[in-house]
Structures are given as C-alpha cells and as structure tokens.
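Listed here are the chains, written in short residue letters.
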Amino acid sequence: MAISIHRSWTTSTLIAASLASVIGVVGCAKKPEQQATTKQETTTLNIGFQKYGILPILKAKGELEKNLAAQGVTVKWVEFPAGPQLLEGLNVGSVVFGEAGEAPPIFAQAANPNLVYVANQPAAATAEALIVPKDSPIQSIQDLKGKRVALNKGSNVHYLLLKLLEANNLTLKDIQPVYLPPADARAAFEKGAVDAWVIWDPFLAAAEQQIHARQIANGEHLVSNHQFYLSDRQFAESHPAVLSTLVTTLNQTTDWVKTHPDAAAQLLEKPTALELDILKTSISRMGFGVLPISEKVAKEQQYVADAFFAQQLIPKQLVIQDALLTTKK
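Residues numbered from 1 in each chain as written. Predicted model: local features only at pLDDT ≥ 70, side-chain atom pairs only at ≥ 80, totals over all residues. Heavy atoms only, no water.

Peer 1: Could you clarify how one ought to interpret the overall build of the protein chain in this entry?
Peer 2: When its secondary structure is counted, the protein chain shows 14 helices and eleven strands. Buried positions account for 53% of the 329 residues belonging to the protein chain. Counting every atom, the protein chain has about 14300 Å² of accessible surface; 52% of that belongs to carbon and sulfur. (Helix = DSSP H or I, 4+ residues; strand = E, 2+ residues; numbered from the N terminus. Buried < 20%, exposed > 50% of the residue type's maximum accessible area, 1.4 Å probe, protein only. Areas by Shrake-Rupley, 256 points an atom, 1.4 Å probe, with all protein chains shown as cover.)

Peer 1: Is there a simple way to think about helix H14 (residues 295-310) in this case?
Peer 2: Each α-helix winds once per 3.6 residues, and so residues spaced three or four apart point in a common direction. The end-to-end C-alpha separation of H14 is 22 Å, in line with the 22 Å expected for 16 residues at 1.5 Å each. Within the sequence span of H14, burial applies to Val297, Ala298, Glu300, Gln301, Gln302, Val304, Ala305, Ala307 and Phe308. Where H14 is buried, its residues contact helix H6 (104-111), strand E4 (115-120), helix H7 (156-167) and strand E10 (228-232). In the stretch just after H14, Gln312 is the one whose phi turns positive, near 60 degrees. (Expected span 1.5 Å × (residues − 1). Contact = heavy atoms within 4.5 Å.)

Peer 1: Looking at this model, I keep getting lost on the sheet that holds strand E11 (residues 291-292). Mind explaining?
Peer 2: Think of a sheet as strands paired side by side through backbone hydrogen bonds, with each pair either parallel or antiparallel. Across the sheet, which stays open at both edges, the six strands sit in the order E2-E1-E3-E10-E4-E11 with mixed pairing between neighbours. Every other strand in the sheet has two partners, leaving strand E2 (73-79) and E11 as the edge strands with one partner each. Across five bridges, the pairing between E4 and E10 is antiparallel. Considered in E10, the bridge of Asn120 is made with Phe228. Packed on one face of the sheet, helix H5 (residues 83-92) meets strand E1 (43-49), strand E3 (97-100), E4 and E10 and runs near 160 degrees to E3. (Pairing = 2+ DSSP bridges. Axes fitted to C-alpha atoms, helices over the stretch in contact; angles between N-to-C directions.)

Peer 1: It is not clear to me how the nonpolar core should be interpreted in this structure. Could you clarify?
Peer 2: A general feature of soluble globular proteins is that nonpolar side chains tend to end up buried together. In this structure, Ile106, Tyr117, Leu130, Ile141 and Leu161 are the most contacted members of the largest nonpolar core, which totals 61 residues. If you look at the next biggest cluster of nonpolar residues, it comprises 37 residues, including Tyr52, Trp77, Leu243 and Met286. (Core = buried A, V, L, I, M, F, W, Y, C linked by side-chain atoms within 4.5 Å.)

Peer 1: How should I be thinking about the packing of H7 against H14 in this particular structure?
Peer 2: Think of two packed helices as two axes; the pair is described by the angle between the axes and how far apart they sit. Contact geometry for H7 and H14: axes closest at 11 Å, N-to-C directions at 80 degrees. Here H7 lies roughly perpendicular to H14, going by the angle between them. Side by side, H7 and H14 meet where His158, Tyr159 and Leu162 of the first sit next to Tyr303, Val304, Ala307 and Phe308 of the second. (Parallel < 35°, antiparallel > 145°, perpendicular 65-115°, else oblique.)

Peer 1: Honestly, the pattern of salt bridges in this entry has me stumped. Any pointers?
Peer 2: Side chains that differ in sign of charge can pair as their charged atoms come close. Summed over all chains, the structure comprises ten salt bridges. Ionic pairing is found between Lys61 and Glu63, a salt bridge with its closest N-O pair at 3.6 Å. Judged by its relative accessible area of 30%, Glu63 is partly exposed. Note that Lys163 and Glu166 form a salt bridge whose closest N and O atoms lie 3.1 Å from each other. Here the residue Lys163 and the residue Glu166 both occupy positions in helix H7, the gap between them amounting to three residues, near one helical turn. Using a relative accessible area of 51% as the deciding quantity, one classes Glu166 as exposed. (Salt bridge = Lys/Arg side-chain N within 4 Å of Asp/Glu carboxyl O.)

This is the structure:
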C-alpha cells in the first residue's frame, strides 16, 4: 500500500462537490424512527480501524473530531485486528465506516449486499511482494516450482501470487501454497519451513529490515493494491455532509503524511510496536490521496473478484458495480 501519485482533487471544495454527487454520509447506528425525530441531537460516528494505515494516524491527530463537532457529531474509534473482522463489524452494525485492502471487501460483498465502496487511495503496488530468505538460491518466479510459498489465503497477496505465477506461465499447481496468517508465516519463514513468503507492508518492510529478506518480485505492473474506504449503504446515503467531511479530512491527512513521514511514523510506533525505520519505509510505499471510486478502479477490483471466484474462494460471481453508490436508482 512508492508509487506515482495521481491527485484529482486539489481543494476541499472539489472533494465535497465530487462526493456529494456520488455518495452519502455515514452516521451512527440509529433506528430509522429515531432518525426522523432526533436530527439535532448528537450523532456518534463509529469508525473501524486497524493498527497500521491512514485511519490510526487520523485518530492520533484528532482533527476529524474537531471538523465534525460543528455538525453535532462525535467519533468513536473501534479497533479490529484485520480487514475481514472490520468488515464483519460493518456488516453487524458495530461500525459504519472503515478501511481495508482490496481482498476483504470482495468477501464482505458476498455476505453483505449493503456494503458500499466510498473512496480509495491510489495504487500501492510496491507495498506487497514475494520474498525469500537472504541466502536462498531462489532468484526468480520460475525457481518457485515445487517450492513452499506462504501466504494469507484470500488476501491481496493471494491475488498478487496468482498474477506473478500467471506472468511466468505457472499456476498454483506448480508450487506448494502454505496458507498462514502473517505472524505464523513470519515464524515459518524464519525457521525455513517455507521457501518463500508473499506479504504486504508493514510486515514486508519488517522482514526486509529485521531478517534481511530479499524481494523476488513485487506488484509493480501486475496489481494495483488499493486501500478502500467502505461504509454501510443505508448510512452512506443518509448523512452526506458527515461523510464528505470525513473523506476530506482523510485526504488532508494523506497530504500531511506525505510531507511529514517521520512524524507519521512516530504516531504509528506505539500501536504497531515496530521500529521507526520500518514504518518510514512502509509509509514511503503508500498511495497518497483519497479519491472517489473511478471506473478504472472498479474494473480492477472486478478482476480480483473474478480471480477469487475462479479459485472457488467466494461462492458466487460478484458484480463490483453493485457495491458502488453511483449505481443506486
């Protein structure tokens, strides 16, 4: 999640105007009958976040709370260990807004038709990679034939591995996939129980700097690796002013992170328990900006959904357009 940066919004006004035409805003989990009679009372905006990313930086800076105070909105931050759990929280109503990589929303859409894509950060293709131990004889993707490759099943790196193999005329049948979450994969990687590992930042940067893992290939020219901001459709359509403020503040936060990477890394040190240099490397590979979902991004996300369906990772074929607010009639 160092990439080229493409910014289409240059002012807060442009952001708000763009969003007003395609999205609504997220509010608290209030019953419909309550919404009709309590418009002036304080609303609580429940936001799901993880230890790493733009949202924990936004939380630490406290600017969103200031920007929403005039609208009578307070913010409650709810931490989740990963994207799938966060989106399950969105599904059951414990949060109404959150951030996840490109894979979790696909699984969430299969289970929750009310999930909607709100915005995305630009592509961050170099923020995920296939790595090997520093002294490994593996020098190319072709050398992976018959080798044990660790990955988190159904994640963004699952898609990256599929594309890396495809680009080298290989398939999953040519390797031995070992499905492990990041912490277990790191342990297996260090012990030599697997030959390679496909992983994302900040775990990627940590492996490179702490144990000198070596990159064989990253996602450049193969995948986009977007970060998405998602909401529940009902809330997204009910409070456009709040969501516009939220996305505008997120966009301003990415501008600040881009120009203050050291300070941003310091804000992430405590929650992630990672060294400053690791976090600075991870931040340098982020996508900066928060953009409305474009036709191109929706199409790229459809490719991921189709690949997961072909691998029987999701039970039915999805139409990503169904989860875009612009499609609502």
